[in-house]
Amino acid sequence: MSFPEDFLWGAATSAFQYEGANLEDGKGWTVADERCQAKSQIQADSSVASDGYHHLEEDVKLMKELGLKSYRFSISWARIFPDGEGEINNAGVIYYQRLIDLLNENHIEPIVTLLHFDIPWALIEKYEGFVSRKCIDAFEKYCRTCFELFGDKVKYWLTINEQNVMVMMADMLGLKKDDPKLNLKFVQCNYHMYLASAKAVIACHEMCPDALIGPCVSYPTLYAETCHPDDVALAYDMQDIMAFAPMETYVNGTIDPIVMNKWIKDKTVPEILENDETILKAGVADYLGVNWYCTQTIGTTSKNGSFNIGVEIDIKKNPFLEYGHWDWSYDPKALKMALKECYARFRKPIMICENGWSEIEEIRDGKIHDSKRIEYLHDHIEQMEKAIDEGVNLIGYQHWSFIDILSSSQGFDKRYGLIFVDRDNFNIKECQRIKKDSFYYYQTIIKNNGLGEENGKQ
Ligand code: BG6
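Presented here is an overview of the structure given in this document. The numbering scheme is per chain: residues are counted from 1 as the chain's sequence reads. Side-chain atom pairs in this predicted model are given and counted only at pLDDT of 80 or more, local residue features only at pLDDT of at least 70, and totals for whole chains, interfaces and linings cover all residues. Heavy atoms from the whole structure form the basis of all side-chain values; hydrogens and water molecules are not counted.

Some remarks on the site of the ligand
(1) Moving on: Residue proximity to a molecule or strand is established when one non-hydrogen atom of the residue lies within 4 Å of it. Around the ligand, the surrounding shell holds 15 residues, and the nearest of these are Glu162, Ser408, Ser409, Lys414 and Tyr416.
(2) Moving on: Within the side chain of asparagine 161, a nitrogen or oxygen atom sits 2.9 Å from an oxygen atom of the ligand.
(3) Moving on: N or O atoms within 3.5 Å of each other form a polar contact, as long as, within protein, one can give a hydrogen and the other can take it, and as long as residues adjacent in sequence are counted only when both atoms are side-chain atoms. Between tryptophan 400 and the ligand, the recorded distance is 3.4 Å, taken from a side-chain N or O atom to an oxygen atom.
(4) Moving on: Method for areas: the Shrake-Rupley scheme with a 1.4 Å probe, in which residue coverage is limited to the protein chains shown. In isolation the ligand has 380 Å² of accessible area, and contact with the protein removes 93% of it.
(5) Moving on: Only protein atoms enter the calculation, which uses a 1 Å grid: trapped sets of points that fit a 1.4 Å probe without letting it out are cavities, open sets showing protein on both sides within 12 Å along at least five of seven lines are pockets, and any residue with an atom within 4 Å of a point is a lining residue. A cavity or pocket is said to hold a molecule if more than half of that molecule's atoms lie within 2 Å of its grid points. Applying the majority rule of atoms within 2 Å of the grid points places the ligand in the largest pocket.
(6) Moving on: Residues belonging to the shell around the ligand are distributed by class as follows: five nonpolar, seven polar and three charged. Each residue is assigned to one of three groups, with Ala, Val, Leu, Ile, Met, Phe, Trp, Tyr, Cys and Pro labelled nonpolar, Asp, Glu, Lys and Arg labelled charged, and all others, Gly among them, labelled polar.

Structure below.
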């Protein structure tokens, strides 16, 4: 067995990382815009990003040339509703309409994320965002509007990108790091976002019966630093809380007992209304979107806690692995393990919604020789194929990223794209597009529906 004929070979971006034009044509300010601006003493904020808003036709042509079967992008909620819930912004509707039409004309399946880190700022000011249930209503209204506007042209939807990461980072939720009630607010946002996601699923099933909708979960596979039972137990619990508990809620509509117990122990149980369970149960996902890049090795030996789960833990270097510039590990074999684990637990079709390698890159003789990305693609696709062989129902692969985008944490130095965008942190230039070596490599993969002979299939 190998990749199915209708396998969705794709690539991905998100609105604030790709579009730019962050205040153009009526778009409202978002949490992502605020974060990028706060982080950036340089030009690498969301005002230009990859200038995708002004390169739409050109970029879809490049997608076509690459041979993409699908393109995952996100709609910026604040481009549709600048204040999150009031009047529709027609210019925003026209932009996404044009993008979706272009994709369909070119036989590229649109995979649309409804929220990718960019909650409208107006909702933070009015309600503290997802701390309040009012934000669930606003999200539902926005999703219903998207289904109404684009539902006849989009088959694959994703509700919220990496809720499991957002709910550990105050600034991603529009909250203040020194808020004395931060832990309670993290839990409230988490619980409310589960309800928001479920409501989006319910609305999608009602309004677009032929579409499929799911969440998009960040899932770095965790290793224990040693085989000491305490380390192993910590890695096991962390993995549960970080990845499997959220998947459980999206896929089965229940709050994982480990999580509930933790809320009780921490005295952070959110307000739970009578109808919530029915909503969670009715809004279960059709497929599981997974963002998988690497493994992380964790231990307990110092106090530099990185995760907000009430345990002080440390990210360690795994002596058996190679690491990239930003200390992300290179560990393709773990991808097969991760896919098998998800499938064994949840038995839902899986879509890899993000997977890719970042580098600092520059143009040499008019080209970008990104051999490490090619190796990464090869090694990860090989493991995907093995996972399919071993029975995993993997329906697509959205490489992160289609084109260089603004990194969510490191500006424009950290490049993930198959296409180079000629700008840097200090100089925006013309944002000229230049195909990297990996563009041609992935083109062959797509053409062969897998690695094929010439790409080293054994
Ligand atoms: C995922 C996000 O967590 O990781 C993307 O969904 C992000 O938006 C990607 O770009 C890589 O992270 P970073 O911080 O390197 O951009």
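Next, the rest of the story.
Describing helix α9 (residues 182-207)
(1) Moving on: A run of H or I in DSSP becomes a helix once it reaches four residues, and a run of E becomes a strand once it reaches two; helices and strands are each numbered from the N terminus. Multiplying one less than the number of residues by 1.5 Å gives the expected span of a helix. Taking 1.5 Å of rise per residue, the 26 residues of α9 would be expected to cover 38 Å, and the 36 Å separating its terminal C-alpha atoms lies within 8% of that figure.
(2) Moving on: Taken across its 26 residues, α9 has 19 buried, putting it largely inside the fold. Relative accessibility decides the category of a residue: with a 1.4 Å probe and only protein chains considered, values under 20% of the type maximum give buried, values over 50% give exposed, and everything between is partly exposed.

A closer look at the sheet that holds strand β6 (residues 221-224)
(1) Moving on: If you trace the three strands from one edge of the open sheet to the other, you get β6-β8-β9, paired in mixed fashion. In this open sheet, the two strands that pair with only one neighbour each are β6 and β9 (314-316). Sheet twist, expressed as the mean angle between neighbouring strand axes with direction ignored, is 45°.
(2) Moving on: Of the pairings in the sheet, the one linking β6 to strand β8 (residues 295-299) comprises four bridges and is parallel in character. From the neighbouring strand, tyrosine 223 faces β8, where its bridge partner is threonine 297. The criterion for strand pairing is that DSSP finds at least two bridges linking the strands in question. Axis definition: a line fitted to C-alpha atoms, limited for helices to the stretch in contact. Angles are taken between N-to-C directions and run from 0 to 180 degrees.

So, the packing of helix α3 (residues 56-66) against helix α15 (residues 437-448)
(1) Moving on: Between α3 and α15, the least distance of the axes is 9 Å, while the angle of their chain directions is 55°. The pairing of α3 with α15 is recorded here as oblique in orientation. The residues of α15 that touch α3, namely those facing Leu62, Glu65 and Leu66, are Phe439, Tyr442, Gln443 and Ile446.
(2) Moving on: Partitioned by chemical class, the residues of the contact of α3 with α15 number five nonpolar, one polar and one charged. The labels follow the angle: roughly parallel below 35 degrees, roughly antiparallel above 145, roughly perpendicular from 65 to 115, and oblique for the rest. Residues count as neighbours in contact if any of their non-hydrogen atoms are within 4.5 Å of one another.

What about a nonpolar patch on the surface?
(1) Moving on: Together, Ile264, Val269 and Ile272 make up an exposed nonpolar region whose accessible area comes to about 250 Å².
(2) Moving on: Relative to the helices and strands, isoleucine 272 is located in the loop between α11 (257-266) and α12 (276-282). Patches were defined on residues exceeding 30% relative accessible area and lacking a salt bridge, with like-charge contacts within 9 Å and nonpolar side-chain contacts (Val, Leu, Ile, Met, Phe, Trp, Tyr) within 5 Å. Within this document, salt bridges are pairs made up of a side-chain nitrogen of Lys or Arg and a carboxyl oxygen of Asp or Glu, the two lying within 4 Å of each other.

Concerning the pattern of salt bridges
(1) Moving on: All told, the structure shown has 33 salt bridges when counted by the stated rule.
(2) Moving on: The salt bridge partner of lysine 153 is aspartate 101, with a shortest N-O separation of 3.0 Å. Note that lysine 153 is positioned in the loop between α7 (134-150) and β4 (156-161) and aspartate 101 in helix α5 (residues 90-105), a separation of 52 residues in sequence.
(3) Moving on: Aspartate 422 serves as the salt-bridge partner of lysine 429, at 2.9 Å between the closest nitrogen and oxygen.

As for the packing of aromatic side chains
(1) Moving on: For this analysis, a ring pair means two rings from Phe, Tyr or Trp (six-membered ring only for Trp) whose centres lie within 6.5 Å, classed as stacked if their planes differ by under 30 degrees, edge-to-face if by over 60, and tilted for the remaining angles. Across all of its chains, the model carries 28 aromatic pairs by this definition.
(2) Moving on: Ring centres 5.3 Å apart and planes at 80° place the aromatic pair tyrosine 293 and tryptophan 328 in the edge-to-face group. One end of the pair, tyrosine 293, is in the loop between β7 (288-291) and β8; the other, tryptophan 328, is in the loop between β10 (322-323) and β11 (329-330), with 35 residues separating them in the sequence.
(3) Moving on: Given a relative accessible area of 30%, tryptophan 328 falls into the partly exposed group.
(4) Moving on: Ring-pair connections join several aromatic residues into one group, and the members of that group are Phe3, Phe7, Trp9, Tyr397 and Tyr442.
(5) Moving on: Whether a charge sits over a ring depends on NZ of Lys or CZ of Arg being within 6 Å of the ring centre and within 35 degrees of the ring normal. One residue, arginine 79, lies across the ring of tyrosine 95, its end atom 5.7 Å from the ring centre.
(6) Moving on: Lying across the ring of phenylalanine 244, arginine 345 places its NZ or CZ 3.8 Å from the centre.

Some words on the packing of helix α13 (residues 333-346) against helix α14 (residues 371-389)
The description of two packed helices rests on the angle between their axes and on the distance between the axes.
(1) Moving on: Here α13 crosses α14 at 35°, and the two axes come no closer than 8 Å. Every pair of crossing elements has a handedness; the one defined by α13 and α14 is right-handed. Side by side, α13 and α14 meet where Lys333, Leu335, Lys336 and Leu339 of the first sit next to His380, Gln383, Met384, Lys386 and Ala387 of the second.
(2) Moving on: By residue class, the composition of the contact of α13 with α14 is four nonpolar, two polar and three charged. Take the far helix as the reference: if the near one is turned anticlockwise from it by less than a right angle, the crossing is left-handed, and if turned clockwise, right-handed.

Describing the side chain of threonine 221
(1) Moving on: Mapping threonine 221 onto the fold places it in strand β6.
(2) Moving on: Excluding anything up to four places from it in sequence, threonine 221 contacts Gln239, Trp292, Cys294, Thr295, Gln296, Ala334, Met337 and Ala338.

A few points about the state of the cysteines
(1) Moving on: In this description, the term disulfide denotes a pair of cysteine sulfurs within 2.5 Å. Summed over all chains, the structure comprises zero disulfides.
(2) Moving on: Left without a disulfide partner, cysteine 204 is nearest to the cysteine sulfur of cysteine 208, which lies 4.6 Å away.

Here we look at the nonpolar core
(1) Moving on: In this description, a nonpolar core means a group of buried Ala, Val, Leu, Ile, Met, Phe, Trp, Tyr and Cys residues linked to one another through side-chain atoms lying within 4.5 Å. Among the nonpolar cores identified, the biggest contains 137 residues, and Trp77, Phe139, Trp157, Met384 and Tyr442 are the most heavily contacted of them.
(2) Moving on: The element contributing the most residues to this core is α9, with 14 residues.
(3) Moving on: In this structure, tryptophan 77 is in contact with Gly84, Leu115, Asp118, Ile119, Pro120, Leu123, Phe130, Cys135, Ala138, Phe139 and Tyr142, ignoring residues within four places of it in sequence.
(4) Moving on: Within the second largest apolar cluster, nine residues are counted, among which are Tyr156, Cys216, Tyr287 and Cys353.

What about unusual backbone geometry?
(1) Moving on: Residue serine 401 follows tryptophan 400 across a cis peptide bond; omega there is 10°.
(2) Moving on: In this structure, alanine 49 takes a positive phi of about 50° despite not being glycine.
(3) Moving on: Counting through the fold element by element, alanine 49 comes out in the loop between α2 (31-39) and α3.
(4) Moving on: Residue asparagine 449 is not a glycine yet carries a positive backbone phi of 50°.
(5) Moving on: Looking at where asparagine 449 falls in the secondary structure, it is placed in the segment after α15.

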